[in-house]
Every structure is written in structure tokens, then in C-alpha cells.
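Overview (structure and organization)
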Amino acid sequence: MDNKVEYLNQIIEIIDKKATVFKNNKKSMPTSAYESEKVILVRTINDAIKLAEEVKPTPFSLINDLRSLIKQL
């Protein structure tokens, strides 16, 4: 179980960095780059949500934050 928490923390760190860069640059990105970056980011966030659901106790606030982040993209 500790491995899942460690992996989740690593994924969250990556998502945080990528989402910040994406949000800061999305207005200046070409449409194709914007769409592909968003798809990759959303898939990564969904993978993190699935992993978080396997962790006990389930981190519901983290899951809700990740779902909110998808809506903000």
C-alpha cells in the first residue's frame, strides 16, 4: 500500500507542474498543441484518480481536487 501512496504523490507532483505550465501557456499555444496537451493531462489526472481510489483510507478531498482541476483546464 505504501507504494501506491508513493506513486500517487509522484503523479500529483507531475500533474501540478504540467497543469501550471499548461494554464500559463494555453492562450499562446497552437490549437493542435493545446488539444493534445489537454488530452494527455486529463488522462494523467484520471489515472491519478483511479490510483487514489485504491488507497486506503481513500483521499476524497484529493479526488475532488483532481476532478475540479479537469474542469479548470
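Preceding block: the structure.
Structure report, in brief. (Residues numbered from 1 in each chain as written. Predicted model: local features only at pLDDT ≥ 70, side-chain atom pairs only at ≥ 80, totals over all residues. Heavy atoms only, no water.)

**Focus on helix α2 (residues 31–54)**
Worth spelling out the cut-off: Secondary structure elements follow DSSP: runs of H or I of four or more residues count as helices, runs of E of two or more count as strands, with numbering from the N terminus. Multiplying 1.5 Å by the residue count of a helix minus one yields the expected span of that helix. Throughout this description, buried means an accessible area under 20% of the type-specific maximum (1.4 Å probe, protein chains only), exposed means over 50%, and partly exposed covers the range between. We call two residues contacting when some pair of their heavy atoms lies within 4.5 Å.
In a regular helix each residue adds 1.5 Å, so 24 residues correspond to 34 Å; α2 covers 35 Å between its end C-alpha atoms and thus fits that length. Among the residues of α2, Leu41, Val42, Ile45, Ala48, Ile49, Leu51 and Ala52 are the ones counted as buried. Those residues of α2 hidden inside the fold are in contact with α1 (2–25) and α3 (60–72).

**Things to note about the packing of α1 against α3**
A packed helix pair is summarised by two numbers, namely the angle formed by the two axes and the spacing between the axes. The condition that has to hold: Axis definition: a line fit to C-alpha positions, over the contact stretch in the case of helices; interaxial angles, taken between N-to-C directions, run 0 to 180 degrees. By definition in this entry, angles of less than 35 degrees are roughly parallel, angles greater than 145 are roughly antiparallel, angles of 65 to 115 are roughly perpendicular, and the rest are oblique. Crossings are assigned a handedness: left-handed for a near helix turned anticlockwise from the far helix by less than a right angle, right-handed for a clockwise turn.
In the contact formed by α1 and α3, the axes pass within 12 Å of each other and the chain directions differ by 25°. When the interaxial angle is binned, α1 and α3 end up roughly parallel. Between α1 and α3 the crossing geometry is left-handed. Residues Leu8, Ile12, Ile15, Ala19 and Lys23 of α1 lie in contact with α3, whose contacting residues are Leu62, Leu66, Leu69 and Gln72.

**Re the packing of aromatic side chains**
Any aromatic ring pair is given by two values, namely how distant the centres are and how the planes are angled relative to each other. The condition is simple: Think of it this way: a Phe, Tyr or Trp ring, Trp meaning its six-membered ring, pairs with another when their centres are within 6.5 Å, and the plane angle makes it stacked under 30 degrees, edge-to-face over 60, tilted otherwise.
In total, this model carries 1 aromatic pair according to the counting rule given. Ring geometry for Phe22 versus Tyr34: centroids 5.3 Å apart, planes at 20°, classification stacked. Pair noted here: Phe22 is in helix α1 and Tyr34 is in helix α2, with a separation of 12 residues, a long-range link. On the basis of relative accessibility, which here comes to 4%, the residue Phe22 falls in the buried class.

**With respect to the packing of α1 against α2**
Here is the rule: Classification used: nonpolar for Ala, Val, Leu, Ile, Met, Phe, Trp, Tyr, Cys and Pro, charged for Asp, Glu, Lys and Arg, polar for all others including Gly.
Put simply, α1 and α2 touch, their axes get as near as 10 Å, and they point 155° apart. By the criterion of interaxial angle, the relationship of α1 to α2 is roughly antiparallel. The hand of the α1/α2 crossing is left-handed. Of the residues in α2, those touching α1 at Lys4, Tyr7, Leu8, Ile11, Ile12, Ile15, Lys18, Ala19 and Phe22 are Tyr34, Glu37, Lys38, Leu41, Thr44, Ile45, Ala48, Leu51, Ala52 and Glu54. For the contact of α1 with α2, the per-class residue count stands at 13 nonpolar, 1 polar and 5 charged.

**Digging into the layout of surface pockets**
Put simply, the rule is: Method remark: on a 1 Å grid restricted to protein atoms, a set of points is classed as a cavity if a 1.4 Å probe fits but cannot get out and as a pocket if it is open with protein on both sides within 12 Å along at least five of seven lines; lining residues have an atom within 4 Å of a point. Grid points are joined across faces, edges and corners, and a volume is the space filled by probe spheres set on the points.
Taken as a whole, the largest pocket holds about 190 Å³ of empty space. Around the largest pocket, the lining residues are Ile14, Ile15, Lys18, Val21, Phe22, Asn25, Met29, Glu37, Ile40, Leu41 and Thr44. Counting only elements with at least two residues in the lining of the largest pocket, the list comes to α1 and α2. Ranked by residue count, the leading element in the lining of the largest pocket is α1, at 6 residues. Class assignment of the residues belonging to the lining of the largest pocket gives a composition of 7 nonpolar, 2 polar and 2 charged.

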